[in-house]
Amino acid sequence: MQPVYITKWCSIEGDNLTIDGKTAELDYKQIIADAALRRRMSRIVKMGVSCGLICLDRADARPVSAIITATGLGCLTDTEKFLDSIITNNERLLNPTPFIQSTFNTIGGQIALLRGIHSYNVTYVHRGLSFQSALIDAAMQVADDGTNVLLGAVDEATNSSINIQRRLRMTRFFEIGEGASFFVLNSHPATKNNVAIADVAMQIGKLSAADTAKWISSFIASNVLDNKKLHIELLCNPYLRNALEETLGTNSNLLIKQSDYPTYSATSMSKVCDLFQKPDNQFESVILFNEYQEDNYSIILLKKQVQ
């Protein structure tokens with residue numbers, strides 16, 4: 001995999017906005033100026049569109065060759081609104097707005113419309129590997145023409161989805177969370193301190209702790225990483241984390257998985273980008289290992305690049 005550089009990034013968790021490692025006030029009115037458009041947007045759409053627009057506005061002047069988004073569950077609030085209206089109105093006189101904004105590609109489409117970007121626009125919906133799939137596609141787009149690619153991931157939690165996932169015992173280890181993260185990718189570093197995405201790997205199907213440790217060790221060996229300057233972050237359930245720490249000999253405290261949602265890896269990647277900007281950072285490489293619902297596994301290798 002050719003190195004892909006993250007030149008700008010932004011994340012929103014709840015009411016917390018972080019731009020390139022710095023906190024800022026989250027005010028949707030300042031980002032989405034059209035009040036009528038803003039009123040029609042659900043919370044996840046406002047969150048995702050705002051996050052993407054911030055990244056684009058801070059990127060360089062080169063054209064955007066692709067907008068690639070990822071989501072595990074999509075726009076749940078609008079989906080619920082539309083389904084409720086079907087029942088309430090007996091399938092008559094339905095408001096089309098919730099249906100239009102319930103589709104998975106709503107956020108990518110809205111960003112393109114607001115900025116007049118007529119380029120490749122696609123959304124990946126691959127459960128716990130949605131963001132990783134979008135990341136691989138974005139890397140191929142960057143390798144193809146080298147111009148800016150906007151990559152993002154968004155997931156939201158609603159009361160209904162939380163209750164359903166609790167009944168399915170999907171909250172045994174973590175509560176359901178939500179968040180939005182966007183990145184501008186390029187084939188060339190833009191500033192003195194850049195973050196490079198060096199490799200991505202995925203596995204589907206339940207893995208034992210021993211097989212998982214072997215897979216991570218093989219990944220480290222294939223990328224010829226210096227263990228002294230490598231940090232392995234284990235974003236997984238407590239039992240697997242403890243077993244992997246014993247096997248891999250790591251006791252990480254960089255990120256602790258407090259909540260879980262399909263595109264949690266995107267939020268984690270944004271936090272690693274923040275870490276690399278700190279003057280006291282001692283790591284040159286960070287491996288993000290993420291496990292989702294014990295059957296979706298991924299590894300993302302991030303490296304700090306200094307010009």
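Figured I'd write up the structure that's included with this text. (Residues numbered from 1 in each chain as written. Predicted model: local features only at pLDDT ≥ 70, side-chain atom pairs only at ≥ 80, totals over all residues. Heavy atoms only, no water.)

This part takes up the nonpolar core. Membership of the largest hydrophobic core comes to 35 residues, with the highest contact counts inside it found for F131 and L185. If you tally residues by element for this core, the top one is helix α11 (residues 264-276), at 7 residues. Excluding residues that lie within four positions of it along the chain, L185 makes contacts with V4, Y5, I6, L135, A138, V142, T147, N148, V149, L151 and I197. (Core = buried A, V, L, I, M, F, W, Y, C linked by side-chain atoms within 4.5 Å. Buried < 20%, exposed > 50% of the residue type's maximum accessible area, 1.4 Å probe, protein only. Helix = DSSP H or I, 4+ residues; strand = E, 2+ residues; numbered from the N terminus. Contact = heavy atoms within 4.5 Å.)

This paragraph deals with the pairing of strand β2 (residues 16-19). Side chains on a regular strand alternate between the two faces of the sheet. In the sheet, strand β1 (residues 4-13) pairs with β2 via 4 bridges, with the strands oriented antiparallel. Along β2, the bridge assignment pairs C10 with I19. Taken together, β1 and the strand that follows it, β2, pair antiparallel across an intervening segment of 2 residues, in which G14 is found at a positive phi of about 65°. Counted along the chain from β2 to the antiparallel partner strand β3 (residues 22-24), the turn is 2 residues long, and its residue D20 has a positive phi close to 50°. (Pairing = 2+ DSSP bridges.)

Another aspect to go through is the environment of S130. Within the fold, S130 resides in helix α7 (residues 130-145). Using a relative accessible area of 0% as the deciding quantity, one classes S130 as buried. Taking the C-alpha atoms as reference points, S130 and L37, separated by 93 residues in sequence, lie 27 Å from one another. Discounting residues that sit within four places of it in the chain, S130 has contacts with A70, T71, G72, Y124, V125 and T263.

With that settled, the discussion passes to the side chain of T267. Mapping T267 onto the fold places it in helix α11. T267 has contacts with E13, S181 and Y261, leaving out every residue within four places of it along the chain.

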